[in-house]
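One-letter residues, chain by chain:
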Amino acid sequence: MLELKNVQTSYGNIQALQDVNLTIHAGEIVTLIGANGAGKSTTLMTISGIVPCRRGKILLKGQEIQALSPDKIVALGVCQVPEGRHIFADLTVRENLDLGAFLRTDKAGIKQDLEYVYSLFPILAERRHQSGGTLSGGQQQMLAMSRALMARPQLLLLDEPSMGLAPLVIKQIFEIIKAINKEHNTTIFLVEQNAHQALHIADRGYVIENGRIILADSADKLLNNPDVQKAYLGI
Amino acid sequence: MITVKEVKRSLLVSLWFVFLTFPLMVIKVNPYERTVSWRWSNMVYVAIGTFVISLLAKAWFVRKERRMARQQDSCHARIPIIQRILQRPGYRYPLAAFLLGAVLAFPHLFSTYQANIMTTALMYIVLGLGLNIVVGVAGLLDLGYVAFYAVGAYSYALLNLHFGLGFWTVLPVGGLLAALFGVLLGFPVLRLRGDYLAIVTLGFGEIIRLILENWNAFSKGPSGISNIPRPGFFGLEMSLDQAMIYMYYLMIGLLLVTIFVVNRLQDSRLGRAWLALREDEIACQAMGIDKTRTKLIAFSLGAFWAGLIGVIFAAKTTFVNPASFTFMESAIILSIVVLGGMGSIVGVILGALILVLLPEYLRALSEYRMLAFGAILVAMMIFKPEGLIANVRRIYCYQGRKSNTALKNDE
Ligand SMILES: Nc1ncnc2c1ncn2[C@@H]1O[C@H](COP(=O)(O)OP(=O)(O)O)[C@@H](O)[C@H]1O
Ligand SMILES: [Mg+2]
């Protein structure tokens, strides 16, 4: 589905990604874990084209996308839920969701997907006329994910969906991520600091440190890897 | 309702004003006779006047706060009354018909002079609506809007001077040229936001004005271009009065078209994209909104209307020179948008009417005219900081499951 080959990204002189290689197969949940400032968000931003890729190739179903503008990449079926949610605070929940479907023209499909996200998160249906900024943190995360789903992506990029949420809400969110993957066969690339939860729902995982991928393995093996346990699982 | 503390505060305010205005209001020096007269009575007026006004303002705020507190749970009441009237079809159509009738009859009820002032006000309404797309809806602070207005005016003046083109031919050309300039300005400032964008657009406006002022061979410099023909009406000869009235109806027509288009735009996909862009650029990109295109369209559409009005301005005054396109114009148009309430069409219309008509009708106050005008503006911004008509789309709120559908029936 998605392949990164020797991807390098920099902000001015700061090189944030150095030769990142990773592969995501269709239908998988793949997680990228790493500490603060390791380059997780940068990886996602580079994939969606919001931050330009300095060197290397990004292939989506065999097609090079590293030089495309963000809107073209979304049109190809890649949608990102940015870190910190970035919902439209002054727009209503419903308007936020409509903007998720911005590039789509199939009215019936949009309506169907609207019903679908309302069924995933009934609270959003209840609050659909409330402005996004007045939702709680967990509800905002749900809104951000739903908005991305409204684009009906084939590949969903999630940037730290558990950030700043209560454990119970995190559990709910992760269950829904799993459900989205199962029910819609949506491929999911999940960036997390919450390594424990992420590895539990993921098929495979990558570990990033200072802009380099230092480990790649199946999620089970990473969970049992002593280095990972010490550095990211706090065991 | 009014406590001792508030009275004390008002006393302080009035003392402070007495102190501030003392040299101006009390001391009167006559340099010829070398005498100083002390007008103590003025001091008493200032003291009493400010004391009363300050108390009234305080009382108003207290009432407003109480009202806000009462309305915490019912958000319907927070929608401005005008908007509520407009939302009811039963009121909407009779009101619209009445307004249209009044507007159409206006030049016949009042003098041509009044119609002329009203034409100017209409021009500012359209300018305000154009800038509203850029500032109010898309959230791009543009301080050089007058540049596009100048482009329109000079395209008519110059195309007429050199090629003899008529008003109706140049009207779309002027608009399109201005739109082109909008794109030209848009490209370099795409990456800028807020203060930086404001500074660059401000510079752009000044550059256009300075070019017009100094490039004598092109624009005839500060002396400007005169004898620009008024718009024709199928080759009919018109007296000055008739031409004025014709101009008035022309502006009414253009205004109606503008309102229609702007209204449609705000509800369109593009309008949504502008709103989204104003709120969060990263989220926009993540949703697949083409940031570059959306911003450029906002700039060029805004500029297009300024260009149209520029052409009309040149035709109305039959004379253009760079002095008509100073930063002050941009500031006035921006004030119209802010004063009226960002993003609201009715607000912009009211804002323009107040900002253009008030100085005219305040002429009765002769030398205190601008003072009164300034005071009214300051008062409006204190009492209604969100503009005359706050944009209602922000005030939907959670009302529980049952009453949800009553708010907005979009499902
Ligand atoms: N806009 C930016 N400008 C400059 N440096 C940045 C920017 N965004 C991120 N960085 C730097 O890039 C590195 C990786 O950041 P990021 O991808 O946000 O890390 P993570 O998401 O893993 O916490 C950090 O060193 C950070 O300081
Ligand atoms: Mg991050």
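Residues numbered from 1 in each chain as written. Chains lettered and ligands numbered in written order. Predicted model: local features only at pLDDT ≥ 70, side-chain atom pairs only at ≥ 80, totals over all residues. Heavy atoms only, no water.

Draft legend 1. Here's a closer look at the overall build of chain A. Secondary structure assignment for chain A yields ten helices and ten strands. By the compact-globule yardstick of 18 Å for 235 residues, chain A fits well, its C-alpha radius of gyration being 17 Å. Dimensions along the principal axes, computed over C-alpha positions, put chain A at roughly 45 × 40 × 30 Å. Residues counted as buried form 59% of the 235 residues belonging to chain A. For chain A, the share of sequence-separated contacts (at least 6 apart) that also reach a separation of at least 24 residues comes to 69%. (Helix = DSSP H or I, 4+ residues; strand = E, 2+ residues; numbered from the N terminus. Rg over C-alpha atoms; globule rule 2.2 N^0.38 Å. Buried < 20%, exposed > 50% of the residue type's maximum accessible area, 1.4 Å probe, protein only. Contact = heavy atoms within 4.5 Å.)

Draft legend 2. Main features of the domain arrangement of chain A. All names here are of chain A. Taken domain by domain, chain A comprises domain 1 (1-77 + 154-235) and domain 2 (86-152). Domain 1 and domain 2 are separated by 23 Å when their C-alpha centres are compared. Listed by partner, the interface residues are 17 residues for domain 1 and twelve residues for domain 2. In this assembly, domain 1 packs against domain 2 so that about 1200 Å² is buried in total across both faces, 79% of it on carbon and sulfur atoms. On the domain 1 side of the interface with domain 2, the three residues burying the most area are Ile176, Ile180 and His184, jointly 34% of the side's total. Summed over the shared surface of domain 1 and domain 2, the result is zero salt bridges. At the boundary of domain 1 with domain 2, the tally comes to one residue pair in polar contact (both at pLDDT 80 or more). Put simply, the parts of the chain that give the side of domain 1 that touches domain 2 at least two residues each are α2 (70-75), β7 (155-159) and α7 (167-184). Examining the composition of the side of domain 1 that touches domain 2, we find that eight residues originate from one element, α7, more than from any other. (Domains from an automatic or database assignment. Buried area = accessible area lost by both parts, 1.4 Å probe. Salt bridge = Lys/Arg side-chain N within 4 Å of Asp/Glu carboxyl O. Polar contact = N/O pair within 3.5 Å; in protein donor to acceptor, adjacent residues only side chain to side chain.)

Draft legend 3. Main features of the coordination of the magnesium ion (ligand 2). All names here are of chain A. Looking at the magnesium ion (ligand 2), the protein donor atoms are Ser41 (OG) and Glu83 (OE), and they sit 2.0 to 2.2 Å from it. You can see serine 41 sitting in helix α1 (residues 40-47) and its partner glutamate 83 sitting in the loop between β6 (78-81) and α3 (93-100), a full 42 residues away along the chain. Here glutamate 83 falls in the partly exposed class, since its relative accessible area comes to 31%. (Donors = N, O, S within 2.8 Å, 3.2 Å for Na, K, Ca; no water.)

Draft legend 4. Highlighting the site of ligand 1. Residues and elements named next belong to chain A. Every residue lining ligand 1 is accounted for by Tyr11, Ile14, Ala16, Ala35, Asn36, Gly37, Ala38, Gly39, Lys40, Ser41, Thr42 and Glu83. Within the side chain of threonine 42, one N or O atom sits 2.4 Å away from an oxygen atom of ligand 1. Considering ligand 1 on its own, with 560 Å² of exposed area, one finds that the protein chains cover 61% of that surface. Listing elements by their share of the shell around ligand 1, those giving two or more residues are β2 (14-24) and α1. A breakdown of the residues in the shell around ligand 1 according to their chemical character gives five nonpolar, five polar and two charged. (Near = heavy atom within 4 Å. Areas by Shrake-Rupley, 256 points an atom, 1.4 Å probe, with all protein chains shown as cover. Nonpolar A, V, L, I, M, F, W, Y, C, P; charged D, E, K, R; others polar.)

Draft legend 5. Seen up close, the interface of chain B and chain A. Chain B puts 27 residues into the contact, and the matching count from chain A is 32 residues. Carbon and sulfur atoms make up 55% of the area that chain B and chain A hide from each other, which totals about 3000 Å². Along the contact surface separating chain B from chain A lie one salt bridge. One salt bridge in this structure joins aspartate 98 of chain A and arginine 272 of chain B, with 3.6 Å as the shortest N-O distance. Here chain B is connected to chain A by four residue pairs in polar contact (both at pLDDT 80 or more). Breaking the side of chain B that touches chain A down by element, the ones donating at least two residues are α11 (269-279), α12 (281-286) and α17 (400-407) of chain B. With six residues, α11 of chain B is the single largest residue contributor to the side of chain B that touches chain A.

Draft legend 6. Expanded view of the pairing of strand β1 (residues 27-30) of chain B. With four bridges connecting them, β1 of chain B and strand β2 (residues 35-38) of chain B associate as antiparallel partners. Bridged to lysine 28 of chain B within β2 of chain B is serine 37 of chain B. (Pairing = 2+ DSSP bridges.)

Draft legend 7. Main features of the confidence of the model for chain B. Residue and element names in this part refer to chain B. On average, residues of chain B carry a pLDDT of 84, and 89% of them reach 70 or more. No element of chain B has a lower mean pLDDT than α17, which averages 42, and none a higher one than helix α6 (residues 146-163), which averages 94. Segment residues 394-411: pLDDT under 50, and 35 contacts once partners within four positions in sequence are set aside and those in other chains are kept. In the model output, the complex is listed with pTM 0.81 alongside ipTM 0.86. (pLDDT = per-residue confidence, 0-100.)

Draft legend 8. Examining the packing of aromatic side chains more closely. Going through the model one piece at a time under the given rule, you end up with 18 aromatic pairs over all chains. Relative to phenylalanine 313 of chain B, the ring of tyrosine 149 of chain B has its centre 5.4 Å away and its plane inclined at 50 degrees; by these criteria the two rings are tilted. With tyrosine 149 of chain B in helix α6 and phenylalanine 313 of chain B in helix α13 (residues 291-317), this pair connects stretches of sequence that are 164 residues apart. Like phenylalanine 313 of chain B, tyrosine 149 of chain B is buried. What links up through ring pairs into an aromatic cluster is the set Phe106, Phe110, Tyr248 and Tyr249 of chain B. The cationic tip of arginine 269 of chain B hangs over the ring face of phenylalanine 102 of chain A; the distance from NZ or CZ to the ring centre is 4.3 Å. (Phe/Tyr/Trp six-rings, centres within 6.5 Å; stacked < 30°, edge-to-face > 60°. Lys NZ or Arg CZ within 6 Å of the ring centre and 35° of its normal.)

Draft legend 9. Looking closely at the side chain of serine 10 of chain B. All names here are of chain B. Inspection of the secondary structure puts serine 10 in helix α1 (residues 4-26). You can call serine 10 buried: its relative accessible area is 0%. Sequence-distant contacts of serine 10, defined by excluding residues within four places in its chain, comprise Phe51, Ser54 and Leu55.

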